[in-house]
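Listed below are the residues making up each chain.
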Amino acid sequence: MEFGLSREQTLLTDSVARFLSKEAPLDRVRRFATEGDDRDIWAGLAELGVPALLVPESAGGVGLGCLDAALIAEQLGYRATPSPFLGTGVALPLAARWGGRIGDELLAAVAAGERRVGVALANAVGRRADATLSSAGGRLDGIVHFAMDAGADDYLVATDTGALYLVAADAPGLSIKAFDTIDRSRRTAELHFAGVTGSLVGDDPALVARLLDALRVMLAADTLGAAQQMLDQSVAYAKQREQFNRPIATFQAVKHMCADMAAALEPCRAMIWYAGHALDHMPDEAHLVACHTKAHVAEVGKAVAKTSTEVHGGMGFTDLVGLHYWFKRVGYNRQMLGTPEMMRLEAARAQGLAA
Amino acid sequence: MDLSYGPEYDTFRSEVQTFLAANASAAPRGEGLRSPKMLSWQKRLIEHGYAARTIPKAYGGYGAAPDILQSRIIAEEFARAQISQGMGGQGISMLVPTLLEVGTEAQKEQFIRPTLLGEMLWCQGYSEPGAGSDLASLRTSAVLDGDEWVVNGQKIWTSTAHLADWIFCLVRTEPNAPKHKGISFLLFRMDTPGIEIRPLVDMTGNANFNEVFFTDVRVPKDQVVGRRGDGWLVANAILGHERDSLGNPDATLARFNALAELMKIETLNGQRLIDHPVYRDRLMTLQGRMMALRYNDLRVLSARLNQADASLARMITKLEGTELRHALEGLAIDIMGEFGLAYGDNPLKRDHGSWQYQYMYFLGLIIGGGTSQIQKNIISERGLGMPKEPKLDRAG
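Values in this document were obtained by computation on a predicted structure and should not be read as measured data. (Residues numbered from 1 in each chain as written. Chains lettered and ligands numbered in written order. Predicted model: local features only at pLDDT ≥ 70, side-chain atom pairs only at ≥ 80, totals over all residues. Heavy atoms only, no water.)

Colleague: I tried to follow the overall build of chain B on my own but got confused; where do I start?
Modeller: Counting its secondary structure elements, chain B contains 13 helices and 10 strands. In terms of overall dimensions, chain B is globule-like: its C-alpha atoms have a radius of gyration of 23 Å, near the 21 Å expected for 396 residues. Referenced to the eigenvectors of the C-alpha coordinate spread, the extents of chain B come out at roughly 75 × 50 × 45 Å. Taken across its 396 residues, chain B has 50% of its residues classed as buried. Long-range pairs, those at least 24 residues apart, make up 68% of the contacts in chain B between residues at least 6 apart in sequence. Mean positive and mean negative side-chain charge positions of chain B (43 and 46 charges, respectively) differ by 1 Å. (Helix = DSSP H or I, 4+ residues; strand = E, 2+ residues; numbered from the N terminus. Rg over C-alpha atoms; globule rule 2.2 N^0.38 Å. Buried < 20%, exposed > 50% of the residue type's maximum accessible area, 1.4 Å probe, protein only. Contact = heavy atoms within 4.5 Å. Lys, Arg positive; Asp, Glu negative; His and termini not counted. Charge placed at Lys NZ, Arg CZ, Asp CG, Glu CD.)

Colleague: I'm lost on the domain arrangement of chain A in this one. Help?
Modeller: Interfaces are often sized by the amount of accessible area the parts lose when they come together. All names here are of chain A. You can read the domains of chain A as domain 1 (7–115), domain 2 (118–203) and domain 3 (206–350). A straight line from the C-alpha centre of domain 2 to that of domain 3 covers 28 Å. If you look at the interface, domain 2 gives 18 residues, while domain 3 gives 16 residues. Between domain 2 and domain 3, the buried area comes to about 1500 Å², and carbon and sulfur atoms account for 76% of it. (Domains from an automatic or database assignment. Buried area = accessible area lost by both parts, 1.4 Å probe.)

Colleague: So what exactly am I meant to see when it comes to the packing of aromatic side chains here?
Modeller: Each pair of aromatic rings is reported with the distance of its centres and the angle of its planes. By the definition in use, this model includes 18 aromatic pairs over all chains. When the ring of B:Phe111 is compared with that of B:Trp122, the centres are 5.5 Å apart and the planes differ by 75 degrees; the resulting orientation is edge-to-face. Taken together, the positions of B:Phe111 in helix H5 (residues 105–116) and B:Trp122 in strand E1 (residues 122–125) put the pair 11 residues apart, joining distant regions of the chain. The buried category is assigned to B:Phe111, whose relative accessible area is 1%. With 6.0 Å between their ring centres and 85 degrees between their planes, B:Tyr126 and B:Phe168 make a pair best called edge-to-face. Of this pair, B:Tyr126 sits in the loop between E1 and strand E2 (141–145) while B:Phe168 is found in strand E4 (residues 166–172), placing the two residues 42 residues apart along the sequence. The burial state of B:Tyr126 is the same as that of B:Phe168; both residues are buried. By way of ring pairs, the aromatic residues B:Phe111, B:Trp122, B:Tyr126, B:Trp166, B:Phe168 and B:Phe185 are connected into one cluster. Lying across the ring of A:Phe251, A:Arg246 places its NZ or CZ 3.9 Å from the centre. The cationic tip of B:Arg350 hangs over the ring face of B:Phe339; the distance from NZ or CZ to the ring centre is 4.5 Å. (Phe/Tyr/Trp six-rings, centres within 6.5 Å; stacked < 30°, edge-to-face > 60°. Lys NZ or Arg CZ within 6 Å of the ring centre and 35° of its normal.)

Colleague: Before we go on, may I ask you to explain the nonpolar core in this structure?
Modeller: Proteins that are soluble and globular tend to have nonpolar side chains buried together. Ranked by size, the top nonpolar core spans 189 residues in total, and within it A:Leu156, A:Leu164, B:Phe78, B:Leu259 and B:Leu283 carry the most contacts. The leading source of residues in this core is helix H8 (residues 205–240) of chain A, at 18 residues. In this view, A:Leu156 contacts A:Ala91, A:Leu92, A:Ala95, A:Val117, A:Gly118, A:Val119, A:Ala120, A:Leu121, A:Leu164, A:Tyr165, A:Leu166 and A:Val201; residues no more than four positions away in its chain are not counted. Within the second largest apolar cluster, 19 residues are counted, among which are A:Ala122, A:Leu133, A:Ala171 and A:Leu174. (Core = buried A, V, L, I, M, F, W, Y, C linked by side-chain atoms within 4.5 Å.)

Colleague: Looking at this model, I keep getting lost on the interface of chain B and chain A. Mind explaining?
Modeller: At the interface, 46 residues of chain B touch 43 residues of chain A. Counting the surface lost from both chain B and chain A, the interface buries some 4000 Å², and carbon and sulfur atoms represent 67% of this. A per-residue breakdown of the area chain B buries against chain A is headed by B:Met1, B:Tyr295 and B:Arg299, which together make up 20% of the total. Taken together, chain B and chain A are joined by five salt bridges. A salt bridge links A:Arg344 to B:Asp281, with the nearest nitrogen and oxygen atoms 2.8 Å apart. On inspection of chain B and its partner chain A, the count reaches 16 residue pairs in polar contact (both at pLDDT 80 or more). Counting residues per element, the ones that place at least two in the side of chain B that touches chain A are helix H8 (277–306), helix H9 (311–315), helix H10 (317–335) and helix H12 (372–383) of chain B. For the side of chain B that touches chain A, the residue count by class is 23 nonpolar, 11 polar and 12 charged. (Salt bridge = Lys/Arg side-chain N within 4 Å of Asp/Glu carboxyl O. Polar contact = N/O pair within 3.5 Å; in protein donor to acceptor, adjacent residues only side chain to side chain. Nonpolar A, V, L, I, M, F, W, Y, C, P; charged D, E, K, R; others polar.)

Colleague: Can you walk me through helix H2 (residues 36–48) of chain B in this structure?
Modeller: Every α-helical turn comprises 3.6 residues, leaving residues that sit three or four positions apart pointing alike. Residues and elements named next belong to chain B. Compared with the 18 Å implied by 1.5 Å per residue over 13 residues, the 18 Å span of H2 between its first and last C-alpha is a close match. Within H2, the full set of buried residues consists of Met38, Trp41, Gln42, Leu45 and Ile46. Along the axis of H2, the buried residues cluster in a sector spanning 135 degrees; they form a single face. Exposed positions of H2 whose direction lies more than 90 degrees from the buried face are Pro36 and Glu47. Buried residues in H2 make contact with helix H1 (7–23), helix H3 (68–81), helix H4 (89–102) and H5. Taken from the residues just after H2, Gly49 is the one with a positive phi, measuring 85 degrees. (Expected span 1.5 Å × (residues − 1). Arc of directions from axis to C-beta.)

Colleague: Help me out: how do you make sense of the pairing of strand E1 (residues 117–120) of chain A in this one?
Modeller: Note on strand geometry: in a regular strand, side chains alternate between the two faces of the sheet. Residues and elements named next belong to chain A. Neither face of E1 is left uncovered, since the one carrying Val117 and Val119 and the one carrying Gly118 and Ala120 both have all their residues buried. Both E1 and strand E4 (residues 154–158) contribute to a ladder of four bridges, which runs parallel. Residue pairing across strands places Val119 opposite Leu156, the latter belonging to E4. (Pairing = 2+ DSSP bridges.)

Colleague: What am I meant to see in unusual backbone geometry here?
Modeller: Most peptide bonds are trans, and most residues other than glycine sit at a negative phi. In this structure, A:Ala80 takes a positive phi of about 50 degrees despite not being glycine. Along the chain, A:Ala80 turns up in the loop between helix H4 (66–78) and helix H5 (85–97). Classification of A:Ala80 by relative accessible area gives buried; the value is 0%. One non-glycine residue, B:Asn269, lies in the positive phi region at around 50 degrees.

Colleague: Please clarify how a nonpolar patch on the surface should be interpreted in this entry.
Modeller: All names here are of chain B. Among the surface-exposed residues, Met203, Leu363 and Ile367 lie close enough to one another that they form a single nonpolar patch of about 290 Å² accessible area. As for its placement among the helices and strands, Ile367 is situated in helix H11 (residues 354–367). Take Ile367: its relative accessible area is 52%, and that puts it in the exposed class. (Patch = residues over 30% accessible without salt bridge, like charges linked within 9 Å, V, L, I, M, F, W, Y side chains within 5 Å. Areas by Shrake-Rupley, 256 points an atom, 1.4 Å probe, with all protein chains shown as cover.)

In C-alpha cells, the structure reads:
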C-alpha cells in the first residue's frame, strides 16, 4: 500500500518546477498577457517531455498516466504558466488512448511539441447563449464558445450530442475569434462553423464524458498549484511586512487566515492524487471523484484566492505584486467545464441521488 | 500509487472476519464498562490479538510487532460488523503508551495489565478552570510531606471520573520553576480521602464530564511517572496520541450514509428531501469535503507506513475532521425543519435524536483536545513556519 508519489513522479515534477521558475517567472507571464506568444515555454516543456507524457510509446510518447499529467498541471498552475497543455498534452493523447480515431502522425507531432491542439467541449457540458453545434454527414455547423488553448493547429470539438471531431484551424468555413477572459495567462476563443469538414474521432458520448472528467481533474490540479502559490506568497509576505513594530505574521488574525488556507488546501492534494489515479485505474469511481474534485477544489481555490489577496493588504489589490494572475487563473479553472453547482448535481446523478 | 493492501493482508482480513463471525454472540452491545460481558470480551480480544495488539506479552498485551495495516484492517472489520473493539478510554489509549515509554518497571508491572483487562479504569486530570488552552498554567499543587504528596486544587472536564479507580493527574510540584518545568505527572486512587466529584452537565443534557476537587489528598511519593518536574513532557506525548485519534473518517462516512438515507425517507410537501435542489447541493458539498479528507487520511496512513513526510496533512486532521462532522450533523437538523428540534423523549425525533446530540457533541470536540484556534496556531507555526506571537507572560 502506497498512497503517494513515486521517485520518478517527484523527479519529473521537480524538473518541470525548476524549468518554470527559471524560464517562465511572472515577468514572462506578463509578457504573454500582452503578446500572446508562449512558443519558447512550450518548446522548453517539450524538451522535458511534457507534451509526450500521455502519448503512447508506440507513437513516440512516454505513455505515462493521468496522475502524472495532473502533477504537471499543478506545476503549471503554480507558475500561472501559459501553455497548450490541456488540449495538446492531455485531451488529444487521451482521446487516442480511449479509443478515438487519432492518427499516429499527429500524435507523434504533438509529442515532439511541433503541433498544438485546442479543445472545445463546452457544448457537451451545457450550452449557453444559444450556441449549438451540430454535425450532418461530417459537416459541422454552429458555434462553440470557450475553446481552450486557442492559437492551435487543430481543435478537438464536441457537438451538442457528444460526438467528437478533430478540425484543422485553417479548415474552410471555420472562423476563430479571440474570446477575452479575465485570465490573461490563457488563450480562449469562440469557434464559428459554417459547413466545416472535420474528421470524426468518436461518436460515442462516453468518450467525451471521459475526456471531460480528465480535463476537470487537470483544471482542479491547476487550481491546487495556483492556490499553493498564493498561500506561499501570503506566508512570505506576512513574515516580511511589518506593522505596529512587528511582522504581521505574528498576529493570530493573520496566522489563522494562513492556517485556514493550508487546512483547506492540503487535503486537495490527496484528492488530486486519488482522482488522477482513478482516471486510469478505477473506472467505477473515476467519474464521481472527478466531479467532486472539480467542485471541491474550485471552492477551496476561490477561498484561498480571496484570503491570500487580503493577507497582502492593499498590495494584494495592485498589479505590482501580480497576485491577481493566480486569482484569475483560479477563477478560470472554476468556470470552465462545469461550475461547482453543476458538478455536484452531476455527482448526485452518478450515485443515483438525482434524476 | 498502490491502493491495495496486498495478499498477505487479504489473508489477515479473512482471519479477522472468521473470528468476528464465530464470536459475534459474545460481544457486548451496550453493556457497561464494568459488566461481566464487557470484561470477558476484552479478555478474549487480547488473547486473539484484536486488542492491546502491540503491547508486550510481559505486561498483559498480545505482543505483536506494530503493523499499521493490520491495525487498520482490525478497525475496518470490527466497524463493518458493528462489533465492539473492546474497551477504550484514556487509561488504555493514553496512559498505557506513556508508561511504556517513561514508566518504571514497577509501574509498568503494576498498572498496564489490569488497565488492559478493564479491571482498572482511569480518568485524566489535566484541565483546570483557569488552565485550558494554556494548560501549563495549571495550579493544582502537590507538596511533599514526608513520604507523601499532599494534593490540593481542582480539575475540570474529567470524563469518567465517577467510574474511575485511578487518575493520572498533572500537579504543580515546583512552584518557583518556570511554568512548563514545575509540573509532575502523578497517579493516585480515586477513593483516596479528600476527593470530591461533581458531575458537569453539558449542552447535550448529559454529564459526560465532571469537576474533581482535591482537599489534602495524600499520595505515596513514588507514584510520579517520569522525573519530578518533567510532567509537561510526559503529558505532551500523551496529547499527541489523543490528537491522532480524533476525527475518525470511517465514522464520518457512516454518518454521511445515514444522512443520505434520511434525506431519501423524509419529505417536504410530498417531495423527498434528496430531491430538493438546495438540500441536495449542501449534501454533495459535504461529500466533496469528506472525500478530500478521506484521501488525506490515506496519505497520512501511507506516510506512516513508508516513512514519507506528510506532517502538514497530519496536522490539519483534527481541525478539519471535527468541523466537517459538526457541519454534517447540522445539515441533518436543517433538512428536518421543525422535526430537527425534536429531542429528549419526543417520539417524533429521528434516529434516536442522534443528529441534535452529535451536532452539540462535536461542537464540544471542536473545542476539546486543543481548540480549533490552537490547531490553527500549530498549523501556522509548525506547518507554515510563521513566528509565534510575542508572549506577555514571558516578557513580564
